[in-house]
Amino acid sequence: MKLRTTTAPAEPAGSESERLLFGGPLLYAARWADHDKAFFEMSLWTMAAKMPRLVALTVRLAWRADRRSLWTVGAGELARGISQAISLIAVNAVLATVLAADTIGYRVQAAIPAMIGVAITGIIGALATAASTTGTGRLEPKVERVATEMYLARVAGVELSAIEDADFNRLMDSAQYGASAARRMVNVCTGVVGSLVSFVAAAGVLTVLHPALLPLLILMTVPRSWASLRNARARYASYLKWMQHSRAGRLLSSTLTRTGPAPEIRVHDVGPFLLHHFRGMSEASEAEQSRLAASSARIRLIASALTGIAAALAYAALGGLLATGVMSLSVAGTAVLAIRSGGQSLTTLVLQVNNLYEESAYVGDLERLFTEATKYAIPTGGTPVPDDLSLIRFENVTFHYPEDADDPKEADAKEQRPALKGVTLDIPMGKIVALVGENGSGKTTVSKLLAGLYQPDSGSIRWDGVDARALDRRQLWSRIGMVSQDFHRWPFTCRMNIAIGRPGRPVDQADVEEAAAYAGADKVVQDLPRGWNTLLSKGYKGGHQISGGQWQRLGIARARYRDAEILIVDEPTSALDAKAELEVFEQIRKLADGGQTVVLITHRLASVRHADLIHVLDQGELAESGTFEELLHKPAAGVFRELYEMQRAQFQDTTLPGQRKAADAAERSNAR
Ligand SMILES: Nc1ncnc2c1ncn2[C@@H]1O[C@H](COP(=O)(O)OP(=O)(O)OP(=O)(O)O)[C@@H](O)[C@H]1O
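Residues numbered from 1 in each chain as written. Predicted model: local features only at pLDDT ≥ 70, side-chain atom pairs only at ≥ 80, totals over all residues. Heavy atoms only, no water.

- An unreviewed UniProt entry annotates the protein as ABC transporter ATP-binding protein of Streptomyces abikoensis.
- UniProt's Subcellular location (unreviewed entry) comment on the protein is quoted here verbatim: "Cell membrane". (UniProt positions renumbered as here; feature names shortened; annotations may be inferred.)

Set out below in structure tokens:
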């Protein structure tokens, strides 16, 4: 049985702003893209089969978050339903006594115990509802927190290759809504349990009163249930269709309020332009909202008319039963009450089940992320890293970056070039090893493989003969400090930006200051308004911004503070002034004197003069290796010498004030 026969919503044509700014209907990875089709093609049975698992996941999350509150909610809902059933039976007793053939005084007196029963069950029902509401209120934020923590822990524990994988990325994107959906599911599940218990209570009472009444109750609720299902599905279909559009609208508004683009928005006067398109995109989705509201009103109107007809049928049947003497007046009165309360419960139940399904799609993504994250999880344990390490060797290492699987046709058409191909090189401990080569030659890739962030496709990286794949990865990382090209600028205090190099230990101010002095970051701190406590993020109160070169000094200080055996520095001086650059290279040289291994990636070839070993990479392959002198004085000029000559020529061409280039002078004398 299909819930709906129509297919998934067609691709949106896109608003004018969307076309102008984003080149047509947006190509973002839609977080619903994976399950929109599933939703629309899903039969009621598949849907019913899938839901218990997702409800169980939510219950497990709730159990983990706060089992006491979970018990409270369960017991509260059960008590509410039971009190409702007893209340109906008591009402029946009251009516039977009041309508019996006797004096009014006697009848009222006789009905008092049943009336007390109605009052007590009412009080119990109210208390149970209050307990359930309090429990749900306590559970909801905790479930969201537990689900978010699990999500974050799983994501933090996967390999870097998974984080860069397009499919996993899409899953991370959609699953991030799973935690808030799990929170809402707690409420919805409570609603389902509550309305189910209420419905069962009313249906039970009705069946006892007369078996023919139950189908009448169901008949009365069918139109309203149909309408609510239909409207919810229309809302959802519209949501799918317009999701990327709304996301783009939010992108525009957030761009206007973020600090990063703020200078350009002002200088280039982009504000009114963005506002104009924000309005354009909002108006397009407002039109969709109006269409939805009108269609929903229409459906409700039809449902109300059908409910009216069904109610008339039900009451006519009730009248028939009364007229034929099959049912007494008191039973008919109770039946009316039971039909009303059962009808309400059933409508709520259908609505809540519908909500449950909507939310469970998001929770399903969260569940899928948990499964996928386990597949890509960084292995725990392994061979201990040798204590007195003497050599790391890359043996015939070939490596491709994970491909973007978005367009397999494109991927097939263009055989991906490996980032590294058959690279064999040595990194002796306690030395300075430089990696040089042109842009894209594979230097950073070598450093990332060395740091255990990726594993080679073929070949191996051996730490004193042990394949790095077998090593305990956490231990391996504890030996490595890294200042990558795009090292993170933490939006924390200046002190924390250095101390985060050793996050597992308490902050040691003396070590922080030593590391800062080492990297020349002490001068940066002196100029900060609140010294070490200055928050290095402009968007917050007291936040302060520092220059790219100042950040770089902090990055180097952070790696120094980490005090790891192997320090990888990728373009450490790109943002430094000439004086600071000389200082940093001098400090790096001293590190090796102290026994630390430094793997230095740089384009400034003059700076690798003091390296013990230079590896030159060219298009992912090792072109040559040697010391600075060896590489410059090879009989046949290699890549290194070529690059070095080019850099040297740039400086020789530079004319200082009061000097004239030789060529210039020759030209002028010729002209004379
Ligand atoms: N995360 C990544 N995903 C896919 N390809 C990548 C990734 N990082 C680098 N590459 C590709 O791998 C190749 C080697 O890049 P790598 O960053 O190692 O070069 P590099 O020598 O460090 O360059 P540069 O001097 O510009 O920093 C390049 O072709 C690059 O496009």
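After that view of the structure, there is still more to cover.
## Brief notes about the sheet that holds strand 1 (residues 391-399)
Consideration 1: A sheet is described by the order of its strands in space; here 4 strands give the open sequence 2-1-4-5, paired in antiparallel fashion. Every other strand in the sheet has two partners, leaving strand 2 (420-428) and strand 5 (466-467) as the edge strands with one partner each.
Consideration 2: Note that strand 1 and strand 4 (residues 458-463) share 5 bridges and pair antiparallel. Within the sheet, the bridge partner assigned to Glu395 lies in strand 4 and is Ser460. (Pairing = 2+ DSSP bridges. Helix = DSSP H or I, 4+ residues; strand = E, 2+ residues; numbered from the N terminus.)

## Here we look at the side chain of Thr597
Consideration 1: Inspection of the secondary structure puts Thr597 in strand 8 (residues 597-601).
Consideration 2: Residue Thr597 is classed as buried on the basis of its relative accessible area of 1%.
Consideration 3: Ignoring any residue separated from it by four or fewer positions in sequence, one finds Thr597 in contact with Ile427, Pro428, Met429, Gly430, Lys431, Glu565, Ile566 and Leu567. (Buried < 20%, exposed > 50% of the residue type's maximum accessible area, 1.4 Å probe, protein only. Contact = heavy atoms within 4.5 Å.)

## What about the environment of Ile566?
Consideration 1: Topologically, Ile566 is positioned in strand 7 (residues 566-570).
Consideration 2: Considering only alpha carbons, one finds Ile566 and Gly595, 29 residues apart in sequence, at a separation of 9.6 Å.
Consideration 3: Beyond its immediate chain neighbours, meaning those up to four positions away, Ile566 contacts Leu389, Ile392, Met429, Trp463, Arg479, Ile480, Gly481, Thr597 and Val599.

## Points about the site of the ligand
Consideration 1: Around the ligand there are 14 residues in total, and Gly440, Lys443, Thr444, Thr445 and Gln485 lie nearest to it.
Consideration 2: Gly440 is positioned with one of its backbone polar atoms (N or O) 2.8 Å from an oxygen atom of the ligand.
Consideration 3: A distance of 2.9 Å separates an oxygen atom of the ligand from a polar atom in the side chain of His603.
Consideration 4: For the shell around the ligand, the per-class residue count stands at 2 nonpolar, 8 polar and 4 charged. (Near = heavy atom within 4 Å. Polar contact = N/O pair within 3.5 Å; in protein donor to acceptor, adjacent residues only side chain to side chain. Nonpolar A, V, L, I, M, F, W, Y, C, P; charged D, E, K, R; others polar.)

## Topic: the confidence of the model for the protein
Consideration 1: Mean pLDDT for the protein: 81, with 87% of residues reaching 70 or above.
Consideration 2: A low-confidence stretch, residues 27-44 stays under pLDDT 50, and its non-local contacts, those more than four residues away or across chains, total 48 contacts.
Consideration 3: Confidence over residues 665-672 falls short of pLDDT 50; this stretch has 2 contacts with residues more than four positions distant or in other chains. (pLDDT = per-residue confidence, 0-100.)

## Examining the packing of aromatic side chains
Consideration 1: A full pass over the atoms with the stated rule returns 9 aromatic pairs.
Consideration 2: Relative to Tyr454, the ring of Tyr401 lies with its centre 5.3 Å away and its plane at 85°, an arrangement referred to as edge-to-face. Taken together, the residues Tyr401 in the loop between strand 1 and helix 13 (408-413) and Tyr454 in the loop between helix 14 (443-450) and strand 4 connect sequence positions 53 residues apart.
Consideration 3: Tyr401 gets classed as partly exposed once you look at its relative accessible area, which sits at 24%. (Phe/Tyr/Trp six-rings, centres within 6.5 Å; stacked < 30°, edge-to-face > 60°.)

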